[in-house]
Amino acid sequence: MGALMQAEAAQTPDALAGYKRLVVKIGSALLVDGATGKLRTQWLAALAQDIAALKAKGCDVVIVSSGAIALGRRILGLPGKTLPLDQSQAAASAGQIALSQAWASHLGEHGITTGQILLTPNITEERRYFLNARTTINTLLGLGAVPIINENDSVATFEIRYGDNDRLSARVATMIEADMLVLLSDVDGLYTAPPAQDPDARHIPHVAEITPEIDAMAGGAASHLSRGGMTTKLGAGKIATHAGTAMIIALGTAPHPLRALTQGARHTFFAPTPSATAARKRWIMGTLEVAGQITIDDGAVRALKSGRSLLPIGVVKVRGAFVRGDTVAVLDLDGHEIARGLAGLDRETAELVMGKKSETIKDILGPSTRTELVHRDNLVLLGH
């Protein structure tokens, strides 16, 4: 099965070595005891030690944590395995408080501050919200905090029935340009078939590409606390790896699951697209609809080609009905498209500040205003 890249290739002892920004997804079945509905406090304390150790090495860590509904149903005394939508939302509301307090308490013992962010997958996919969410997470990381992210299940409708934090964690990882996504699971990676159903199933240590043949190996969710299974994990893997982020599926049930990965624990590694820059270029150039055009002067053209952001002072004309986060084409004075990127300002604001210096813009819009019309991280030069 060479096409599956499942040969028993040697894995490096430390699976997390060299990665500087990790997103770690924690499922409900790991955080909450299925029999009692209580938080697995000793397990969480051990994981907090692992996170502190990674941060001590200079690694940024973001946690995407399930568990709010599982905790909330016990708090509110809601029986049964399947809850109707209104009770699921109520459970999420009560459980999210307990979940946030647990993370803050355990990481706080290591001097780590946490910040809670509630998202639904559409926030990471609709460009008008994309930049704000990314800025918040990056700011927390820059201040040394660990963002704790979960779906906003207390008000979600579609997501509460079909959403999964595997996919959300992949969206977050690509949004903040993490170089590694770790999905902690009740299994130590991908097998040729669900191991609980097939005793002859073989572990696959390395996947170069998630092909239809790989997809066919996935099974469903094993726990009533979970909304995902291997199928959703492979879906997350496609999102992450296509954007240049590596992914690992690893066993998370035992204490210190991240430390185990640094000590050679078995897992499945999903290789990223060889060039993250190329993946991002394809994402901006090929999957987003152009909502407007920005014409710039020769000085701004030179600035972009030297790797700088597009500032309003170099803009001479703005067209289209774009909002912040939409894709815009950047034209030179001859009308040739030289770049494409994500707008940092909406059309009306761009017209208001075009041709003006950053200091003047702050006087007009306020001192906390971001003055880049297109930030260099969100801009692709044509021909580059």
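Quick notes on the rules
Residues numbered from 1 in each chain as written. Predicted model: local features only at pLDDT ≥ 70, side-chain atom pairs only at ≥ 80, totals over all residues. Heavy atoms only, no water. Pairing = 2+ DSSP bridges. Helix = DSSP H or I, 4+ residues; strand = E, 2+ residues; numbered from the N terminus. Salt bridge = Lys/Arg side-chain N within 4 Å of Asp/Glu carboxyl O. Buried < 20%, exposed > 50% of the residue type's maximum accessible area, 1.4 Å probe, protein only. Patch = residues over 30% accessible without salt bridge, like charges linked within 9 Å, V, L, I, M, F, W, Y side chains within 5 Å. Areas by Shrake-Rupley, 256 points an atom, 1.4 Å probe, with all protein chains shown as cover. Core = buried A, V, L, I, M, F, W, Y, C linked by side-chain atoms within 4.5 Å. Contact = heavy atoms within 4.5 Å. Expected span 1.5 Å × (residues − 1). Bend = angle between axes of the 7 residues up to and from the residue. Axes fitted to C-alpha atoms, helices over the stretch in contact; angles between N-to-C directions. Parallel < 35°, antiparallel > 145°, perpendicular 65-115°, else oblique. Left-handed = near helix turned anticlockwise from the far one by under 90°. Nonpolar A, V, L, I, M, F, W, Y, C, P; charged D, E, K, R; others polar.

> Please clarify how the sheet that holds strand β4 (residues 146-151) should be interpreted in this entry.
Hydrogen bonds between backbone groups are what pair the strands of a sheet, and the pairing can be parallel or antiparallel. An order of β3-β4-β2-β1-β5-β9-β10-β8 is seen for the eight strands of this open sheet, with the pairing classed as mixed. Edge positions in the sheet fall to β3 (114-119) and β8 (206-207), since each of these pairs with one other strand and no more. In the sheet, β8 pairs with strand β10 (residues 267-270) via two bridges, with the strands oriented parallel. Bridged to Val 207 within β10 is Phe 270.

> Would you mind going over the pattern of salt bridges with me for this structure?
Side chains that carry opposite charge are capable of pairing whenever their charged atoms lie near each other. Using the criterion set out here, one finds seven salt bridges in the structure. Here Lys 25 and Asp 166 are joined by a salt bridge, their closest N and O atoms 3.2 Å apart. Pair noted here: Lys 25 is in strand β1 (residues 21-26) and Asp 166 is in helix α8 (residues 165-175), with a separation of 141 residues, a long-range link. A relative accessible area of 7% means that Lys 25 is categorised as buried. Several salt bridges share partner residues, and in doing so they unite Lys 25, Asp 166 and Lys 233 into one network.

> I'm lost on a nonpolar patch on the surface in this one. Help?
Taken together, the side chains of Leu 352, Ile 364 and Leu 365 make up a nonpolar region of the molecular surface, amounting to roughly 230 Å² of accessible area. The topology assignment puts Leu 365 in helix α15 (residues 358-365).

> What's the story with the nonpolar core in this structure? I'm lost.
The tendency in soluble globular proteins is for nonpolar side chains to be buried side by side. Ranked by size, the top nonpolar core spans 42 residues in total, and within it Val 23, Ile 137 and Leu 190 carry the most contacts. Contributing elements (two or more residues each) for this core: β2 (60-65), β3, α6 (127-142), α8, β5 (180-185), β6 (190-191), α10 (230-242) and β9 (246-251). With six residues, α6 is the largest single contributor of residues to this core. Apart from the residues lying within four places of it in its own chain, the contact partners of Leu 190 are Arg 202, His 203, Ile 204, Val 207, Ile 214, Met 217, Met 230, Leu 234, Thr 268 and Phe 270.

> Any chance you could explain helix α4 (residues 85-108) here in plain terms?
At 3.6 residues per turn, the α-helix brings residues three or four places apart onto the same side. With 24 residues, α4 extends 33 Å between its outermost C-alpha atoms, agreeing within 8% with the 34 Å of an ideal straight helix rising 1.5 Å per residue. Taking the largest bend as the criterion, α4 deviates by roughly 30°, centred on Gly 95. Looking at α4, one finds that the buried residues are Ser 88, Gln 89, Ala 91, Ala 92, Gly 95, Gln 96, Leu 99, Ala 102, Trp 103, His 106 and Leu 107.

> Looking at this structure, I do not really get the packing of α8 against α10. What am I missing?
For any two helices packed against each other, one specifies the crossing angle of their axes together with the interaxial distance. Between α8 and α10, the least distance of the axes is 8 Å, while the angle of their chain directions is 15°. By the angle between their directions, the pair α8 and α10 is classed as roughly parallel. As for how α8 packs across α10, the hand of that crossing is right-handed. Counted together, Asp 166, Arg 167, Ala 170, Arg 171 and Thr 174 of α8 and Thr 232, Lys 233, Ala 236, Ile 239 and Ala 240 of α10 form the full contact between these two elements. The residue makeup of the contact of α8 with α10, split by class, is four nonpolar, two polar and four charged.

> Got a minute to help me understand the sheet that holds strand β15 (residues 379-381) in this structure?
One open sheet accounts for five strands, arranged β12-β11-β13-β14-β15; its pairing is mixed. Each edge of the open sheet carries a strand with a single partner, namely β12 (315-320) and β15. Averaged over all adjacent pairs, the angle separating strand axes in this sheet is 20°, with direction ignored. Alignment of strand β11 (residues 290-296) against strand β13 (residues 327-331), held across five bridges, turns out to be parallel. From the neighbouring strand, Gly 292 faces β13, where its bridge partner is Val 328. Contacts from helix α13 (residues 298-305) reach β11, β13, β14 (337-342) and β15, with the element oriented near 115° to β11.

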